[in-house]
Amino acid sequence: MASPPLLASSSALLLLLLAAAPDASVARAVKYETLVATPFSPHPYSAPAAVAEDDDVFLGSLAAEEGGAASTVGLRVVHRDDFAVNATAAELLAHRLQRDGRRVSRISAAAGGGAASANGTRGNRGGGGFVAPVVSGLAQGSGEYFTKIGVGTPATPALMVLDTGSDVVWLQCAPCRRCYDQSGKMFDPRGSRSYGAVDCAAPLCRRLDSGGCDLRRKACLYQVAYGDGSVTAGDFATETLTFAGGARVARIALGCGHDNEGLFVAAAGLLGLGRGSLSFPTQISRRFGRSFSYCLVDRTSSSANPTSRSSTVTFGSGSVGPTVAASFTPMVKNPRMETFYYVQLMGISVGGARVPGVAESDLRLNPSTGRGGVIVDSGTSVTRLARPAYSALRDAFRAAAAGLRLSPGGFSLFDTCYDLSGLKVVKVPTVSMHFDGGAEAALPPENYLIPVDTRGTFCFAFAGTDGGVSIIGNIQQQGFRVVFDGDGQRVGFAPKGC
């Protein structure tokens, strides 16, 4: 039987309207940001010779009177680029990505394997403030960001690696059986009035995962081995540390390394900023609380204009200023690995839309096995995501950036690169990371599309991993003040925090 004319015409009109209506996913406007596409300079770079020696670079003298104290101390943080000699930006990036691979392997082995510690400690569960400047670097060796502190009484200036993935504080000490070349004078405990050996039976010695005992001297011994083959060993002791501005912290347990070898470069030692019982933030918690923050400036902008902004690290209640609008997410506890700062990444947006394939389930920590999860790490450069999440993110970015010229073949660990040669300003899709509790980190475009050569090739600075743990790296953290609030058990991200 034929349809009534009115019903037929209505059905035809409805079909016509449905056909004309754009699909919701197509109609949604993609959000873009502007990237200034500055390729690498082909000219070799050499840092000023005085950068590691001049205390003014670190905002003030390290000298302090006995009993000196300060509620806030300004210390600058520098990247390893500041120690480069006759190296091009492309060469420095190549070295950085090599180091990055080694570090990610070490973290994956420690966290994914459910090891008790990443760096030689068991990691027991365990007012004012001061600020230290941070330095970043790209030469071959361990560590990316450095700060200068004073060790002993009188204080010997020491350039120290900052590392949220380690707990033990250590530095090279004279007399040295095997030591690498470091910047500045080596610390000699024989000239310090505040140096104190730790007895083998002391509770401090028992906290070491790889501790030992010199029976003749009854002195506690330590050893820290890293995944890249580097190792430091020597006496475990307590010492006074001095920060620019005069803040002094007494009886900090640290390793005095008389036998050090491997890929360490420039730095005198390492300031462990992890969550374990021997980390620096934990040791100073009675006086300053367990909170600290850092802000890492964009390397390209800081190298072009070193006086424009500086990276800093801040310890204590001043780690978040009253005017800084940080959004916080709860810290997640891994019972099998207490050093790292875990968070729950809920998803990622590209162009203003959540990527369906970046599933929270692929990024969740399994507390029974210690596998999975997401950590925030100062020493890893490129963010690694569990393979399914990365693949979905990459595909979403490629789709939203369809107007850009893809560069075939990728570059190093990057599989998504673009030919931006001849372009000065480019519109790129926005990228935002969403965390448990509603925290969001809206990344500046230079945090996810980075130059890799002098020809104008830019790569999407994320990578996939099958290592069991995802890592938010320091390239994505640039420009944010990242707050590690140990007292509140939360991590915060404050944009434009430098």
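Draft legend 1. Focus on the state of the cysteines. The final tally for this structure, using the stated rule, is six disulfides. Between the sulfur atoms of C176 and its disulfide mate C179 the distance is 1.2 Å. You can call C176 partly exposed: its relative accessible area is 30%. Residue classification places C179 among the partly exposed residues on the basis of a relative accessible area of 31%. Between C417 and C459 runs a disulfide, and the two sulfur atoms are separated by 2.0 Å. Measuring the twist about the S-S bond at about 100 degrees, one finds the C417-C459 disulfide to be right-handed. Linking C417 in strand 24 (residues 417-419) with C459 in strand 29 (residues 457-460), this pair joins segments that are 42 residues apart in sequence. When sorted by exposure, C417 lands in the same class as C459, which is buried. Cysteine pairing in the chain follows 1-8, 2-3, 4-6, 5-7, 9-12, 10-11, where each cysteine in a disulfide is numbered by its order in the sequence.

Draft legend 2. Spatial organisation of the environment of F315. On the secondary structure map, F315 appears in strand 14 (residues 311-316). By relative accessible area, which is 1% here, F315 ends up buried. Remark: the alpha-carbon pair of F315 and I284, spanning 31 residues in sequence, is separated by 9.1 Å.

Draft legend 3. Region of interest: the pattern of salt bridges. Evaluation of the coordinates by the stated rule reveals 19 salt bridges. Here D163 ties to R103 by a salt bridge, and the two come within 2.4 Å at their closest N and O atoms. An identical accessibility class is assigned to D163 and R103; each is buried. A salt bridge links K333 to E338, with the nearest nitrogen and oxygen atoms 3.1 Å apart.

Draft legend 4. Inspection of helix 8 (residues 387-400) at higher detail. For helix 8, with 14 residues, the first-to-last C-alpha span of 20 Å sits near the 20 Å given by 1.5 Å per residue. For helix 8, the set of buried residues is A389, Y390, A392, L393, R394, F397 and A400.

Cut-offs applied
Residues numbered from 1 in each chain as written. Predicted model: local features only at pLDDT ≥ 70, side-chain atom pairs only at ≥ 80, totals over all residues. Heavy atoms only, no water. Disulfide = S-S within 2.5 Å. Buried < 20%, exposed > 50% of the residue type's maximum accessible area, 1.4 Å probe, protein only. Helix = DSSP H or I, 4+ residues; strand = E, 2+ residues; numbered from the N terminus. Salt bridge = Lys/Arg side-chain N within 4 Å of Asp/Glu carboxyl O. Expected span 1.5 Å × (residues − 1).

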